[in-house]
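Architecture and fold: a report
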Amino acid sequence: DGKLSFDEFKAYFADGVLSGEELHELFHTIDTHNTDNLDTEELCEYFSQHLGEYENVLSVLEDLNITILKAMDKTKKDYQEASNLEQFVTRFLLKETLNQLQSLQSSLECAMETTEEQTRQERQGPTKPEVLSIQWPGKRSARRLQRNNSLLPNSPHFSTECSLFIFSKGWIEEDSQWMTQINRLQKLIDRLEKKDLKLEPFEEEVLEENAKSHIMIVQRQMSVIEEEIVEFRLALKQYVESASTQGGCLHVSIQKLPSDSRFIVYEFWENSNAWNSHLQMNYSKTFQRSNVDFLETPELITTMLVPGKY
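Keep in mind it's a predicted model, so treat the numbers as computed, not measured. (Residues numbered from 1 in each chain as written. Predicted model: local features only at pLDDT ≥ 70, side-chain atom pairs only at ≥ 80, totals over all residues. Heavy atoms only, no water.)

Here's the deal with the nonpolar core
In plain terms, the rule: Nonpolar cores were defined as sets of buried Ala, Val, Leu, Ile, Met, Phe, Trp, Tyr and Cys residues, with membership established by side-chain atoms within 4.5 Å. Whether a residue is buried, partly exposed or exposed follows from its accessible area with a 1.4 Å probe, protein chains only, as a fraction of its type maximum: under 20%, in between, or over 50%, in that order. Numbering of helices and strands starts at the N terminus; helices are DSSP runs of H or I of at least 4 residues and strands are runs of E of at least 2. Note on contacts: a residue pair qualifies if any of its non-hydrogen atoms lie within 4.5 Å across the two residues.
With 25 residues, the main nonpolar core has Phe232, Leu236, Trp269 and Phe287 as its most contacted residues. If you list the elements that add at least two residues to this core, you get strand E4 (214-223), helix H8 (229-244), strand E5 (249-256), strand E6 (262-269), helix H9 (272-279), helix H10 (282-294) and strand E7 (300-307). For this core, the element with the most residues is H8, which contributes seven residues. When neighbours within four sequence positions are excluded, Leu236 is seen to be in contact with Ile254, Phe263, Val265 and Phe287.

This is how it looks when you write it as structure tokens:
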């Protein structure tokens, strides 16, 4: 409706680091109109005061977005009439542009994850599984999911780019990281309706270079409007059938809680790239759009990277 209540604000801005009280205090700091709702003007006014160097970054990104859209429009008009060689060059340039953007995204994700980990260590709080909210259609923000995937120093995702952002206190000891991951995985598996996955005993694993060692586990919790359950079940069935046919999908399981109209979907993907590609597929976007009408509240997503041997 053009403004954010505190619950909506919390669902999007909660990053697993700020406490509920801190989020509430931030909400009222931004709410200069004292309406218990945040409008666009208040949000812009608050964040514009704290942009710093990122003012230039966001300005360049806006220019980049316009430039890419112009290039896409030109490609759409010219590609079909181009020669085979010209079409090859166009495909190469598109792929190279995508690779450059993904490399930049990887660096930013490393910075974000490391700063969040730094804050957790300073607060000496236990590492919690992330709770994320899906971005509803129509909003332009690029951050659809707030992610907090644990990265180990010997993880294939841990690169020299990421090391630039490690602070003096460093990472939690490796053994502690492994035990935390295994314990979190065990709790998640115990909640599955069909327990057909068998975990091997805990052991330290020496990773080979470029080894695909981590599986992405996703838990999606959805509270469905009572009157929409029939239609939701149909949409969910189509979604699961489509997801299960994807190359990177290892397993999909559904739970329906008997006490209320809440569904929990567990998805196992070969790696985070497979999960991210799945989110961009038409069937996935269609399911997310339909949930706007089916769900009482935005769905909650928990993701976790775990060792790939299972």
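From this point, the discussion proceeds with the structure in view.
A look at the pairing of E4
Side-chain positions along a regular strand alternate between the two faces of the sheet. What counts, and what does not: Think of it this way: DSSP has to see at least two bridges between two strands before they count as a pair.
Most of E4 is tucked away, with nine of its 10 residues classed as buried. Pairing of E4 with E7, which is carried by eight bridges, proceeds in the antiparallel orientation. Considered in E7, the bridge of Ile215 is made with Val306. Across eight bridges, E4 lies against E6 in antiparallel orientation.

Here we look at a nonpolar patch on the surface
The criterion, for reference: Each patch is assembled from residues with relative accessible area greater than 30% and no salt bridge, linking like charges that lie within 9 Å and nonpolar side chains (Val, Leu, Ile, Met, Phe, Trp, Tyr) that lie within 5 Å. The protein chains shown are the only cover counted for residues, whose accessible areas, like all others here, come from Shrake-Rupley with a 1.4 Å probe. Between Lys or Arg on one side and Asp or Glu on the other, a salt bridge is scored when a side-chain nitrogen of the former is within 4 Å of a carboxyl oxygen of the latter.
On the surface, Tyr54, Val57, Leu58, Leu61, Leu64, Leu101, Leu104 and Leu108 cluster together into a nonpolar patch covering about 700 Å² of accessible area. Counting residues per element, the ones that place at least two in the nonpolar patch are helix H4 (54-78) and helix H5 (84-123). In terms of residue count, H4 provides more of the nonpolar patch than any other element does, five residues in total. As for its placement among the helices and strands, Leu104 is situated in helix H5.

Here we look at unusual backbone geometry
The backbone of Asn34 sits at a positive phi, close to 55 degrees, despite the residue not being glycine. Within the element layout of this structure, Asn34 appears in the loop between helix H2 (20-30) and strand E2 (38-39). Owing to a relative accessible area of 65%, Asn34 belongs among the exposed residues under this scheme.

Comments concerning the environment of Ile225
Among the secondary structure elements, Ile225 is positioned in the loop between E4 and H8. For Ile225, the contacting residues outside a window of four places in its chain are Asp293, Phe294, Leu295 and Glu296.

Description of the pattern of salt bridges
Enumeration over the complete set of coordinates arrives at five salt bridges. Linking Arg220 and Glu299 is a salt bridge whose minimum nitrogen-to-oxygen distance equals 3.0 Å. Placement of Arg220 in strand E4 and of Glu299 in the loop between H10 and E7 is noted, with a sequence separation of 79 residues between them. Summarising the burial analysis for this pair, Arg220 and Glu299 share the class buried. Across the pair Lys237 and Glu241 runs a salt bridge, and its minimum N-O distance is 2.5 Å. Taken together, the residues span about one helical turn, with Lys237 and Glu241 both in helix H8 at a distance of four residues. Take Glu241: its relative accessible area is 44%, and that puts it in the partly exposed class. Three or more residues joined by partner-sharing salt bridges are found here, namely Arg220, Glu267 and Glu299.

A short note on helix H3 (residues 40-48)
Here is the rule we go by: Note that the arc is computed from the directions linking the helix axis to the C-beta atoms. Whenever two N or O atoms come within 3.5 Å, that pair is a polar contact, provided that in protein one can donate a hydrogen and the other can accept it, and provided that, for residues adjacent in sequence, both atoms are side-chain atoms.
Buried within H3 are the following residues: Glu42, Leu43 and Tyr46. End-on, the buried residues of H3 take up no more than an arc of 95 degrees, which puts them together on one face. Turned more than 90 degrees away from the buried face of H3 sit Thr40 and Glu41, all of them exposed. Where the residues of H3 are buried, they touch strand E1 (3-4), H2 and E2. Between a side-chain oxygen at the N-terminus of H3 and the backbone nitrogen of Glu41 the separation is 3.2 Å; the capping residue is Asp39.

Some words on H9
Three or more residues of H9 are buried, namely Ser272, Ala274, Trp275, His278 and Leu279. Here the buried residues of H9 occupy an arc of 160 degrees about the axis, which is enough to place them on one side. Buried-residue contacts for H9 involve E4, H8, E6, H10 and E7. For H9, the N-terminal capping position is held by Asn271, with its side-chain oxygen 3.2 Å away from the main-chain nitrogen of Asn273.

Quick notes on the packing of aromatic side chains
What counts here: The criterion for an aromatic pair is that two Phe, Tyr or Trp rings (for Trp, the six-membered ring) have centres within 6.5 Å, with stacked assigned to planes under 30 degrees apart, edge-to-face to planes over 60 apart and tilted to the rest. Cation placement over rings: the criterion is NZ of Lys or CZ of Arg within 6 Å of the ring centroid and within 35° of the ring normal.
Inspection of every chain in the model, using the stated rule, returns 12 aromatic pairs. Between Tyr12 and Phe13 the ring centres are 5.2 Å apart and the planes differ by 85 degrees, which places this aromatic pair in the edge-to-face class. The partly exposed category is assigned to Phe13, whose relative accessible area is 25%. Between Trp269 and Trp275, the aromatic rings sit 6.4 Å apart at their centres with planes inclined by 55 degrees, giving tilted as the arrangement. The two residues Trp269 and Trp275 agree in class, both being buried. Of the aromatic side chains, those joined through ring pairs into one cluster are Phe6, Phe9, Tyr12, Phe13, Phe27, Tyr46 and Phe47. Stacked on the ring of Phe263, the Lys or Arg Lys256 has its end atom at 5.7 Å from the ring centre.

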